[in-house]
Amino acid sequence: LFVEFSQKAGIGEDKQHPHVLRHTLAVNCANSGFKLEEVQAFLRHKSSKNTEIYFQILEERKLELQKLAFLSL
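Below or above, wherever it landed, is the structure these notes cover.

**Side note on the side chain of S6**
Within the secondary structure, S6 sits in helix α1 (residues 2–8). Here S6 is in contact with I11 and Q16, once residues within four sequence places are set aside.

Here's what the structure looks like:
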């Protein structure tokens, strides 16, 4: 079902997997201010190390935005 809807939405074959949806939800939770422990529980990760990746992405994006803001001065 996920693949069918992905195809209809024009999503590439490499992204037509339910794990992509799980990853997207986790990143959105991190970006929305959820705590690491909350995202960990949501994803049912036993170790917080597995959840930290989503918060590293958030930190990398923050640095990118700061660089862009600085360059536009």
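**Section: unusual backbone geometry**
Even without being glycine, R44 reaches a positive phi, approximately 60°. Within the secondary structure, R44 is located in the loop between α3 (36–43) and α4 (48–71).

**A look at the pattern of salt bridges**
Evaluated as defined, the whole model comprises one salt bridge. A salt bridge links K8 to E4, with the shortest nitrogen-to-oxygen separation between them at 3.3 Å. On the criterion of helical spacing, the pair formed by K8 and E4 is a turn pair, its members being four residues apart in helix α1.

Rules used in this analysis
- Residues numbered from 1 in each chain as written.
- Predicted model: local features only at pLDDT ≥ 70, side-chain atom pairs only at ≥ 80, totals over all residues.
- Heavy atoms only, no water.
- Helix = DSSP H or I, 4+ residues; strand = E, 2+ residues; numbered from the N terminus.
- Contact = heavy atoms within 4.5 Å.
- Salt bridge = Lys/Arg side-chain N within 4 Å of Asp/Glu carboxyl O.

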